[in-house]
Amino acid sequence: MNRVRTRFAPSPTGFMHIGNLRTALYCYLFAKQNNGDFILRIEDTDVERTVDGAIDIIYKTLNESKIYADEGPLQGGNFGPYVQTERKDIYMKYALELVEKGAAYYCFCDKERLDSLATENGIKRYDKHCLHLSKEEINERLARGDKWVIRQNMPTEGVSEFDDLVFGHVSIPNNELEDQILIKSDGLPTYNFANVIDDHLMQISHVMRGNEYLSSTPKYNLLYDAFGWEHPQYVHLTPIMKDATRKLSKRHGDANFNDFTEKGYLPEAIINYISLLGWSPKGEEEKFSMEELIEKFSISGLSHSSSIFDEAKMKWLNGEYIKELPFEKFMELATPFFEKSKIKGKYSYEKFGKLIQTRIEILSEIPEKVDFLAEFTPAEGEMYFNKKFKIDSEVAKKVLEKSITVLENVSDWNEENLHAAIVKTAEEMELKSGVVYTVLRIGLTGVMVTPGGSPEMADILGKEESLNRLKLSLEKLK
RNA sequence: GGCCUAUUGGAGAAGUGGUUUAACUCAUAAGCCUCUCAAGCUUACAUUCACGGGUUCGAACCCCGUAUAGGUCACCA
């Protein structure tokens, strides 16, 4: 078998869409698993749609995702250039070869004529009007400077068949195939032409791409045939949906890689999650590093039907990745989010970080998890009510009174000593320590639910602030 | 509308004619643990594989039809 070479060929039209990223991932995984090459090719033949800076976003996204190209605009290679607009002359040369062979022809039809071909339901199909123009007439119009395009000359009968590695055998009647444009009037090739020329010239062995190309694949094969080239293997990928009927798209929002990284998703988690959309691993595990994905990926595990993007599951996976982060690394990533919270400049990010690393799934949850501590309103009496520990406002008042005196004598204010002080208070009052823990937690924060317990809260607040708050809480109960 | 493709639970899915009582993961629910919340641990969650026929001793798996969904029919990729 030939060397495995796959390619990811995005158009630089904006941010990197999750669906495209997944295609890149699969191409990369398949190539690497077979010790092959992964090529990045920029398809910028639509001058209108290309946006400045989009190429850099592609590079940056791939890099953050740890999807590294062996060949591409940045790293070069033996099959360059890897940007299609820089290959313009190559396409023209091959198009002319096709015209010579009769597999393609010049077309001078203008928009009005093309529009007049539309059927009642708006579908238009080119009628090969210019196919039979004489050589003289063509040369004359060319010389005159008439606008022209080059179209592919499709067979009108018969059936085209091919084998797709996911969908199996597919056959399409040739009369369904339109004489598509190969070279546009601006001299640049269409995707339909450029991708065939480049895939062949770059020796791509496996073409992995979206499902939307499935029914045009016979057109590409006809092109390969006209040149006498070997067909590549095809692997058509099923779309990622937003819900049962809508495709996940830029229009539906929040489907770009950087939307997720900005929300505090880790690239590893995003990659891991999207690898699972449309592909199913063999075993029970679903959390995989890139190395494991390379090892486990298989075309036989690719799905035949579309899959719905479920952010809840990606969140869960992200939480798993956050939990296993070394603490220093976690703090490095978390700090920008602490900076956006209300505790900015007030309390230790580190101490809070220890508490919330297991309590958040995405980094952007940090502010909402810590903001409560920045403001303090003493709790109402009924907030202390607890059936299990038999706490009511009277008990709370006594516990607060006693705790304040004990805590005032804690000289080295740290978690360990605070635990000890609480246990000691409970013993002296002949109460379960849970009673004291609970009352203090509420007394210190004014809220019933906190990430972490009372010693942790007291430690973060510091001695002075803690005692102040407890006194205010006690006041409130009187 | 023509053509192409798909259809297993709330989501991702395994499964390709007979130990599948339909794996596994997320979500959801309950319990344990526990100073609350998380985390962790345990358990529950499709008599049924879009629907209707057929083939077969036997079908989610094979065949036919219907429905539904997606794709495609651009000088966009």
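Residues numbered from 1 in each chain as written. Chains lettered and ligands numbered in written order. Predicted model: local features only at pLDDT ≥ 70, side-chain atom pairs only at ≥ 80, totals over all residues.

A.B. asks: What is the right way to look at the overall build of chain A in this model?
C.D. replies: Along the backbone of chain A there are 19 helices and eleven strands. The C-alpha atoms of chain A give a radius of gyration of 33 Å, which is well past the 23 Å a tight globule of 478 residues would have. A fraction of 73% describes how many contacts in chain A between residues 6 or more apart in sequence connect residues 24 or more apart. (Helix = DSSP H or I, 4+ residues; strand = E, 2+ residues; numbered from the N terminus. Rg over C-alpha atoms; globule rule 2.2 N^0.38 Å. Contact = placed C-beta atoms within 7 Å.)

A.B. asks: Would you take a moment to explain the environment of Tyr94 for this structure?
C.D. replies: Tracing the chain through its elements places Tyr94 in helix α3 (residues 88-101). Distance from Tyr94 to Glu311, taken between C-alpha atoms, is 45 Å for residues 217 residues apart in sequence.

A.B. asks: Would you mind going over the protein's contact with RNA strand B with me for this structure?
C.D. replies: Among the 63 residues in the neighbourhood of RNA strand B, the closest are listed as Tyr191, Ser305, Gly434, Tyr437 and Gly453. Contributions of two or more residues to the surface near RNA strand B are made by β6 (168-173), α6 (191-201), β11 (307-308), α11 (311-323), α17 (433-445) and α18 (454-461). Examining the composition of the surface near RNA strand B, we find that four residues originate from one element, α17, more than from any other. Partitioning the surface near RNA strand B into residue classes produces 21 nonpolar, 25 polar and 17 charged. (Near = placed C-beta within 6 Å. Nonpolar A, V, L, I, M, F, W, Y, C, P; charged D, E, K, R; others polar.)

A.B. asks: Please clarify how the domain arrangement of chain A should be interpreted in this entry.
C.D. replies: Interfaces are often described in size by the accessible area the parts lose on coming together. Here the domain parsing of chain A yields domain 1 (86-237), domain 2 (251-323), domain 3 (327-371) and domain 4 (381-477). With centres defined by C-alpha atoms, the gap from domain 1 to domain 2 works out at 36 Å. Counting from both sides, the interface comprises five residues of domain 1 and, opposite them, four residues of domain 2. Taken together, the residues of the side of domain 1 that touches domain 2 sort by class into five nonpolar, no polar and no charged. (Domains from an automatic or database assignment.)

A.B. asks: Would you mind going over helix α19 (residues 463-477) with me for this structure?
C.D. replies: The α-helix winds at 3.6 residues per turn, so residues separated by three or four positions along the chain end up facing the same way. Here α19 is 15 residues long and its end C-alpha atoms lie 21 Å apart, about the 21 Å a rise of 1.5 Å per residue gives. Considered for burial, the residues of α19 that qualify are Ser466, Arg469, Leu470 and Ser473. Burial along α19 is one-sided: seen end-on, the buried residues are contained in an arc of 100°. Exposed side of α19, more than 90 degrees from the buried face: Glu464 and Glu475 are the residues found there. Contacts from the buried residues of α19 go to α15 (393-408), α17 and α18. (Expected span 1.5 Å × (residues − 1). Buried ≥ 20, exposed ≤ 12 C-beta atoms within 10 Å, placed from the backbone. Arc of directions from axis to C-beta.)

A.B. asks: Help me understand the packing of helix α1 (residues 18-33) against helix α9 (residues 267-275) in this model?
C.D. replies: The angle between the axes and the distance between the axes are what describe a pair of packed helices. Closest axis-to-axis distance for the α1/α9 pair is 10 Å, and the angle between their directions is 80°. Relative to α9, α1 is oriented roughly perpendicular. Here Ile18, Leu21, Arg22 and Leu25 of α1 lie close against α9, whose contacting residues are Ile271, Ile274 and Ser275. (Axes fitted to C-alpha atoms, helices over the stretch in contact; angles between N-to-C directions. Parallel < 35°, antiparallel > 145°, perpendicular 65-115°, else oblique.)

A.B. asks: Looking at this structure, how should I read the packing of α15 against helix α16 (residues 415-429)?
C.D. replies: The contact between α15 and α16 brings their axes to 10 Å, and the two run at 130°. Considering the angle they form, α15 stands oblique to α16. In the crossing of α15 with α16, the sense of the turn from one axis to the other is right-handed. Within the contact between the two elements, α15 uses Val399, Lys402, Ser403, Val406 and Leu407 and α16 uses Ala421, Lys424, Thr425 and Met429. (Left-handed = near helix turned anticlockwise from the far one by under 90°.)

A.B. asks: In this structure, what is going on with the nonpolar core? I would like to understand it.
C.D. replies: Within soluble globular proteins, side chains that are nonpolar tend to cluster in buried spots. Membership of the largest hydrophobic core comes to 48 residues, with the highest contact counts inside it found for Ala24, Leu25, Cys27, Tyr28, Ile270 and Ile274. It is α1 that provides the largest number of residues to this core, a total of ten residues. Here this core spans two domains, since at least three of its residues come from each of domain 1 (86-237) and domain 2 (251-323). Counting 35 residues, the second-largest nonpolar core is a separate cluster that includes Phe352, Tyr384, Leu418 and Leu440. (Core = buried A, V, L, I, M, F, W, Y, C linked by C-beta atoms within 7 Å.)

A.B. asks: How should the pairing of β6 be read in this particular structure?
C.D. replies: Working note: regular strand, side chains alternate between the two faces of the sheet. For β6, a buried count of zero out of six residues is recorded, marking the element as mostly open to its surroundings. Sheet topology places strand β5 (residues 159-164) next to β6; six bridges connect them, and they run antiparallel. Within β6, the residue paired with Glu161 across the bridge is Ser171. Hairpin remark: β5 followed by β6, antiparallel, with three residues in the connecting loop. (Pairing = 2+ DSSP bridges.)

A.B. asks: Looking at this model, I keep getting lost on the sheet that holds strand β4 (residues 149-152). Mind explaining?
C.D. replies: Neighbouring strands of a sheet are bound in pairs by backbone hydrogen bonds; such pairs are parallel or else antiparallel. Pairing is antiparallel across the open sheet formed by three strands, whose spatial order is β3-β4-β7. The two strands at the open ends of the sheet, each matched to only one other strand, are β3 (104-107) and β7 (181-183). When strand polarity is set aside, the average angle formed by the axes of neighbouring strands in this sheet is 40°. Across two bridges, β4 lies against β7 in antiparallel orientation. Along β7, the bridge assignment pairs Arg151 with Ile181. Where α3 meets the sheet, its contacts fall on β3, β4 and β7, and the angle it forms with β3 comes to roughly 105°.

A.B. asks: Help me understand the pairing of strand β8 (residues 206-210), please; the structure alone is not making it clear to me.
C.D. replies: With respect to burial, β8 is a largely interior element, four of its five residues being buried. What joins β8 to strand β9 (residues 233-237) is helix α7 (residues 217-227), and the crossover it makes is right-handed. (Right-handed = clockwise from strand over helix to strand, strands pointing away.)

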